[in-house]
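Structural overview
Listed below, chain by chain, are the residues.
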Amino acid sequence: MIGGMLIGLGLMIVIAELFPGRPRLDAALARLDGTATPARMQRITGRLARLPVPRDDLALLGISVERFTLQRIGFLLLGMILPLPLSLLCAAVGLPLPWAVPAGAGVVLGLLFAFVPDYAARAQARERRQEFRAALATYLDMVALERAAGAGPPQALQAPVDVCSGWVFAQIAQVLEHAKRAGDQPWRGLATLGERVGVPELTELADIAEDAGSEGTQVLSTLLAKAQSMRTTALTDARARANSRTSEMPIAIGISVFGFLVLVCFPAVYRIMS
């Protein structure tokens with residue numbers, strides 16, 4: 001199995017060298033910044049990155065597609081070699097297994113383990129989006145207060161990030177600063193950020209700010225209502241998660257009891273088989 005994996009890896013590297021892809025702009029900029037990955041690994045991960053990946057979740061977590069692809073490869077190889085120690089242990093105790101058993105188990109476990117990074121990225125991104133929405137509700141309140149004090153839409157959007165800390169406000173401040181340097185309207189940067197991280201509430205805030213900036217409409221009540229709606233939604237989601245975890249408790253207890261019974265019955269079953 002190890003020899004076959006090494007041969008497959010060698011063939012993949014040879015194919016990547018014979019058919020190089022087009023140079024990517026982000027890779028060239030990363031080389032200028034000194035954060036680029038090796039060229040050969042960049043080509044390999046670039047081809048493997050064509051597989052379906054949760055790009056919105058990775059953008060929210062700040063993980064590159066190449067790094068995510070390497071995690072997939074690592075978990076795939078881990079799942080493939082995981083049955084090998086078990087087969088060696090069985091052979092050591094006098095119960096050798098046919099070669100098809102660890103090989104088939106390795107393929108199945110490799111495919112299952114390859115989806116572990118996907119599940120982890122989606123779970124982490126789900127938690128990050130909840131944090132984002134909680135911070136965004138506070139941001140909406142502060143924008144509404146700035147508008148009530150007579151500030152214009154650009155000033156109202158900028159003032160909260162100047163006094164607040166946290167990764168959410170840091171990302172908002174980054175897009176606002178980028179829009180300011182590019183001479184663009186700040187709400188367009190917020191809309192782009194909302195689409196990139198998968199938070200539609202931020203895109204709605206950008207639409208409200210754009211209406212206030214272009215038409216001069218009164219948006220104070222709209223901002224306060226939106227913030228209250230987000231808090232209500234967050235509270236409802238928290239209650240739903242608490243109820244789901246409560247319903248999952250019997251399953252966890254049953255699995256623990258089953259594992260305990262397996263440990264207790266294994267010596268007797270082993271004696272009968274031997």
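Residues numbered from 1 in each chain as written. Predicted model: local features only at pLDDT ≥ 70, side-chain atom pairs only at ≥ 80, totals over all residues. Heavy atoms only, no water.

Focus: the confidence of the model for the chain
- Chain-level pLDDT for the chain is 77 on average; 84% of the residues reach the 70-or-more range.
- When the elements of the chain are averaged for pLDDT, helix 3 (residues 39-48) gives the smallest value, 52, and helix 5 (residues 65-81) the largest, 86. (pLDDT = per-residue confidence, 0-100. Helix = DSSP H or I, 4+ residues; strand = E, 2+ residues; numbered from the N terminus.)

Description of the packing of aromatic side chains
- The full count for this structure, using the stated rule, is two aromatic pairs.
- Between F132 and W167, the ring centres sit 5.8 Å apart and the planes meet at 65°, which makes this aromatic pair edge-to-face. Placement of F132 in helix 8 (residues 116-148) and of W167 in helix 10 (residues 167-182) is noted, with a sequence separation of 35 residues between them.
- Note on W167: relative accessible area 24%, which makes it partly exposed.
- Note on Y139 and F169: the rings are 6.2 Å apart at their centroids and 65° apart in plane angle, and the pair reads as edge-to-face. Here F169 lies in helix 10 and Y139 lies in helix 8, a separation of 30 residues in the sequence. Residues Y139 and F169 agree in their burial class; the two are buried.
- Over the face of the ring belonging to W167 we find R128, whose NZ or CZ atom lies 3.8 Å from the ring centre. (Phe/Tyr/Trp six-rings, centres within 6.5 Å; stacked < 30°, edge-to-face > 60°. Buried < 20%, exposed > 50% of the residue type's maximum accessible area, 1.4 Å probe, protein only. Lys NZ or Arg CZ within 6 Å of the ring centre and 35° of its normal.)

Examining the packing of helix 5 against helix 7 (residues 100-113)
- Where helix 5 contacts helix 7, the axes come no closer than 7 Å and their chain directions differ by 155°. The pairing of helix 5 with helix 7 is recorded here as roughly antiparallel in orientation. With respect to the hand of their crossing, helix 5 and helix 7 are arranged in right-handed fashion. Of helix 7, the residues touching helix 5 (which contributes F75, L76, L78, G79 and M80) are G106, L109, G110, L111 and F113.
- The class makeup of the residues in the contact of helix 5 with helix 7 is seven nonpolar, three polar and no charged. (Axes fitted to C-alpha atoms, helices over the stretch in contact; angles between N-to-C directions. Parallel < 35°, antiparallel > 145°, perpendicular 65-115°, else oblique. Left-handed = near helix turned anticlockwise from the far one by under 90°. Contact = heavy atoms within 4.5 Å. Nonpolar A, V, L, I, M, F, W, Y, C, P; charged D, E, K, R; others polar.)

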